[in-house]
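Reading the structure
In case you want the letters, here they are:
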Amino acid sequence: MIIDKELKQNYINDFMLTHRIGQPVKTDFHFHDQFEVFYNLTDGTHCYINDQSYTLKKGDLVLINNMDIHLTQPPLNIDLDRYVLMFTPELVNVFSTSEIDLLDIFINKCAKSSQAIHLHNDQSLKLISLLDDALYHHKNRTFGYQIYRRIKLIEILLLISSFFHSDELSISHTTDNDTRAIKPILQYIKTYLNDELCLEHLAQTFHFNKFYLSRLFKKTTGTTLNNYIINLRLLKARELLKKNFSITEVCEMVGFNSYTYFISTFTKNIGISPKKYSMQEWSKI
């Protein structure tokens, strides 16, 4: 998904860093081509990543890759205080070596454990110092900032890598009753993405009243079942387009019954048509 307009002014040369206090720009499940580092400074922040749920504390660090569908919710009536760092994987790949893959923590490490960890005070101070330093040069366009901020990006990723390679820092997933109730539904949707996934079918499959299920999903995630399914289908469509499947094949494989609706929905949410997206991705090879 394209970068939000509000953030574009901070996103230059495949890199964006901001310290923001306020409501999230995106209040629905979404995804993007960039990798994301989310450093949370607000107790009680709720975060969904794929079919996992986290209730974050101040000092929690979250990693999100370009195949994760996610949603962040601050506590009710409280502004969210956080640092957000986003970058394209291509930018970082050139700095990786055979010994150290800087993207490994976003893909392999997170897949094996948790995508969110809690930092101790001294670790938080080190990370914030690097983030603030990079942010100063990033915002003020100081002399040599384009080189300097890349250096800081690598320092930040190296520091974060050292954090994530300590299993003691993994934090637990949320285990409240509502979250437990919808987790199997999230997993089912992902497994049967190209099937009929209307509210009635899901309610019948999981033995819920359809109106209760609709309210439960909205209450727990802040969005509707339909929005979640559409975004997950678009995420899968984007992945398949990168593998050179035809647009017609992709439309069928991700469960869109209408070719026209698929084109319009993809274009509206991703920012370009499926055809242009596919051509853009293959031009990188």
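Residues numbered from 1 in each chain as written. Predicted model: local features only at pLDDT ≥ 70, side-chain atom pairs only at ≥ 80, totals over all residues. Heavy atoms only, no water.

This part is about helix H8 (residues 210-221). Under the 1.5 Å per step criterion, the end-to-end length of H8 is 16 Å for 12 residues, consistent within 8% with the ideal 16 Å. Looking only at H8, the buried set comprises Leu213, Leu216, Phe217, Thr220 and Thr221. The arc that holds every buried residue of H8, seen down its axis, measures 100°, which confines them to one face. Exposed residues on H8 whose side chains face more than 90 degrees from its buried face are Phe211, Arg215 and Lys219. Where H8 is buried, its residues contact strand E4 (45-49), strand E7 (70-73), helix H6 (177-191), helix H7 (199-205) and helix H9 (225-242). Of the residues flanking the start of H8, the one acting as N-cap is Asn209, its side-chain oxygen 2.8 Å from the backbone nitrogen of Phe211. Backbone geometry just after H8 places Gly222 at a positive phi near 85°. (Helix = DSSP H or I, 4+ residues; strand = E, 2+ residues; numbered from the N terminus. Expected span 1.5 Å × (residues − 1). Buried < 20%, exposed > 50% of the residue type's maximum accessible area, 1.4 Å probe, protein only. Arc of directions from axis to C-beta. Contact = heavy atoms within 4.5 Å. Polar contact = N/O pair within 3.5 Å; in protein donor to acceptor, adjacent residues only side chain to side chain.)

The next subject is the sheet that holds strand E5 (residues 52-56). Sheet architecture is open: three strands sit in the order E5-E4-E7, paired in antiparallel fashion. Where the open sheet ends on each side, the last strands, each with one partner, are E5 and E7. The average angle at which neighbouring strand axes cross in this sheet is 15°, direction not considered. Two strands pair when backbone bridges link them, and E4 and E7 are joined in this way by four bridges, in the antiparallel orientation. By the bridge assignment for E7, Tyr48 is matched with Leu71. (Pairing = 2+ DSSP bridges. Axes fitted to C-alpha atoms, helices over the stretch in contact; angles between N-to-C directions.)

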